[in-house]
Amino acid sequence: MQVRKAVIPVAGLGTRFLPASKAIPKEMLTIVDRPTIQYIVEEVVASGIDQIILVTSEGKSAIENHFDYNFELDTILKEKNKMDLCEQVCNVANLIDIVSVRQKKPLGLGHAIWTTRNVIGNEPFLVLLGDDLVQSKVPCCQQMLNLYGEVHESIVAIQHVPKNETHQYGVVEGTALRDRVYQVERLIEKPPPGTTDSDMAIIGRYLLKPDIFELLEKTTPGHGGEIQLTDALLALAKRRPMYAYEFEGTRYDAGDKLGYLKAIIAFALQHPVLATEFRRHIKEVAADL
Ligand code: G1P
């Protein structure tokens, strides 16, 4: 069955980014010239998906407004004959069909995904976490869709991380089937140091079969007292094959202050207008270090 929908959970408080995220959603923090969430939405669009389901909470309306049509702004820009800007702003509103679902209690990522069950229905879907920005030739979601076209089973995106960092991630244990593709055997959310030999960390991209909803319903609070998607995925992996896919590209953790800075530099160096001048500036700064 074709994958048509993508879920983007944005209900989190953004505590790693305080005080910046006190009054604005962390997803609206800017990377070069657009909010981080727009990069995620653009990855979904570039992968040919039809609809996005945002999982929101109180205080996140700026995200919905960003992807909406702004009549007043449109009128003013047209009056001032700023047609280029007007087009750019309209393009954001026309990117893709977006619907929102509220996560009424902060019970964890697994619970956030579960709230979309009635909108997703009985079809496979993508999940993208807003903190993880991926720069790649082929959009990360598209790479996963390509693999899904072969295996027709759930897939989690992974990257190898240093062993002393695995406790910050959901970790996959499994066996290599071929270059970049692993059969998942076990998944552990934030394993304490020394409790797994695997260095395969789950990155915020998942392609899931709808059976996950029934399993999320039964999932009890796990790490941090939250309903963990990773725990439901383990139950799913016991029931049917699941694959881990080491995507091609570079991932930035834009929900972390240092990762955010790295993302700004990486995306600025790719920017069609700013890259040349910015590269020159970076070289000058680096020479003085
Ligand atoms: C979440 C997932 C975790 C995954 C990570 C990737 O954790 O629970 O399994 O490895 O995203 O960014 P969080 O970073 O929200 O604590």
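Scroll up for the structure.
Definitions and limits used
Residues numbered from 1 in each chain as written. Predicted model: local features only at pLDDT ≥ 70, side-chain atom pairs only at ≥ 80, totals over all residues. Heavy atoms only, no water. Helix = DSSP H or I, 4+ residues; strand = E, 2+ residues; numbered from the N terminus. Contact = heavy atoms within 4.5 Å. Areas by Shrake-Rupley, 256 points an atom, 1.4 Å probe, with all protein chains shown as cover. Lys, Arg positive; Asp, Glu negative; His and termini not counted. Charge placed at Lys NZ, Arg CZ, Asp CG, Glu CD. Expected span 1.5 Å × (residues − 1). Buried < 20%, exposed > 50% of the residue type's maximum accessible area, 1.4 Å probe, protein only. Axes fitted to C-alpha atoms, helices over the stretch in contact; angles between N-to-C directions. Parallel < 35°, antiparallel > 145°, perpendicular 65-115°, else oblique. Left-handed = near helix turned anticlockwise from the far one by under 90°. Near = heavy atom within 4 Å. Polar contact = N/O pair within 3.5 Å; in protein donor to acceptor, adjacent residues only side chain to side chain. Nonpolar A, V, L, I, M, F, W, Y, C, P; charged D, E, K, R; others polar. Core = buried A, V, L, I, M, F, W, Y, C linked by side-chain atoms within 4.5 Å. Arc of directions from axis to C-beta. Phe/Tyr/Trp six-rings, centres within 6.5 Å; stacked < 30°, edge-to-face > 60°. Lys NZ or Arg CZ within 6 Å of the ring centre and 35° of its normal.

(A) Structural detail: the overall build of the protein chain. When helices and strands are tallied, the protein chain shows eleven helices and 13 strands. With respect to the principal axes defined by its C-alpha atoms, the protein chain has extents near 60 × 50 × 40 Å. Of all intrachain contacts in the protein chain linking residues separated by at least 6 positions in sequence, the fraction that spans at least 24 positions is 76%. Accessible area for the protein chain stands at about 14700 Å²; split by element, carbon and sulfur atoms hold 52% of it. Considering the protein chain, the positive charge centre built from 32 side chains and the negative charge centre built from 38 side chains are found 2 Å apart.

(B) Main features of helix 10 (residues 257-268). Taking 1.5 Å of rise per residue, twelve residues should cover 16 Å, and helix 10 covers 17 Å from first to last C-alpha, within 8% of that figure. Inspection of helix 10 places Gly-259, Tyr-260, Ala-263, Ala-266, Phe-267 and Ala-268 among the buried residues, and these make up the whole buried set. Buried residues belonging to helix 10 abut strand 2 (30-31), helix 1 (36-46), strand 7 (132-135), strand 13 (250-253) and helix 11 (275-287).

(C) Representation of the packing of helix 8 (residues 211-218) against helix 9 (residues 229-239) within the structure. At a minimum axis separation of 9 Å, helix 8 and helix 9 run at an interaxial angle of 120 degrees. The angle between helix 8 and helix 9 places the two elements in the oblique class. Here helix 8 runs over helix 9; the crossing is right-handed. Residues Asp-211, Ile-212, Glu-214, Leu-215, Leu-216 and Lys-218 of helix 8 pack against Leu-229, Ala-232, Leu-233, Ala-235, Leu-236 and Arg-239 of helix 9.

(D) Just the site of the ligand, in detail. With respect to spatial proximity, 13 residues lie near the ligand, and among them Asp-132, Gly-170, Glu-189, Lys-190 and Ile-202 are the closest. For the ligand, an oxygen atom lies 2.7 Å from a polar atom in the side chain of Glu-189. Here an oxygen atom of the ligand and a side-chain polar atom of Thr-230 are 3.4 Å apart. For the shell around the ligand, the leading source of residues is strand 11 (residues 200-208), giving three residues. Grouping the amino acids of the shell around the ligand by side-chain chemistry returns five nonpolar, four polar and four charged.

(E) A look at the nonpolar core. Ranked by internal contacts, the top residues of the largest apolar core, which has 47 residues, are Ile-8, Leu-126 and Leu-133. Among the elements that make up this core, the one with the highest residue count is helix 7 (residues 140-151) (six residues). Here Leu-126 is in contact with Val-3, Lys-5, Ala-6, Val-7, Ile-49, Cys-141, Leu-145, Tyr-206 and Leu-207, once residues within four sequence places are set aside. Listed in part, the 32 residues of the second largest apolar core include Val-55, Tyr-206, Leu-216 and Ala-232.

(F) View of helix 4 (residues 83-93). Of the positions making up helix 4, those classed as buried are Cys-86, Cys-90, Val-92 and Ala-93. One side of helix 4 holds all its buried residues, which, seen down the axis, span an arc of 150 degrees. Opposite the buried face of helix 4, at more than 90 degrees from it, the exposed residues are Asp-84 and Gln-88.

(G) Focus on the packing of aromatic side chains. Scanning the entire structure with this criterion turns up four aromatic pairs. Their ring planes at 85 degrees and their centres at 5.1 Å tell us that Phe-17 and Tyr-260 sit as a pair that is edge-to-face. One end of the pair, Phe-17, is in the loop between strand 1 (5-9) and strand 2; the other, Tyr-260, is in helix 10, with 243 residues separating them in the sequence. Taken together, the ring pairs connect Tyr-39, Tyr-252 and Phe-267 into an aromatic cluster. The positively charged end of Arg-34 is found above the aromatic ring belonging to Tyr-39, 5.0 Å away from the centroid. Over the ring of Trp-114 we find Arg-117; its NZ or CZ atom is 3.7 Å from the centre of that ring.

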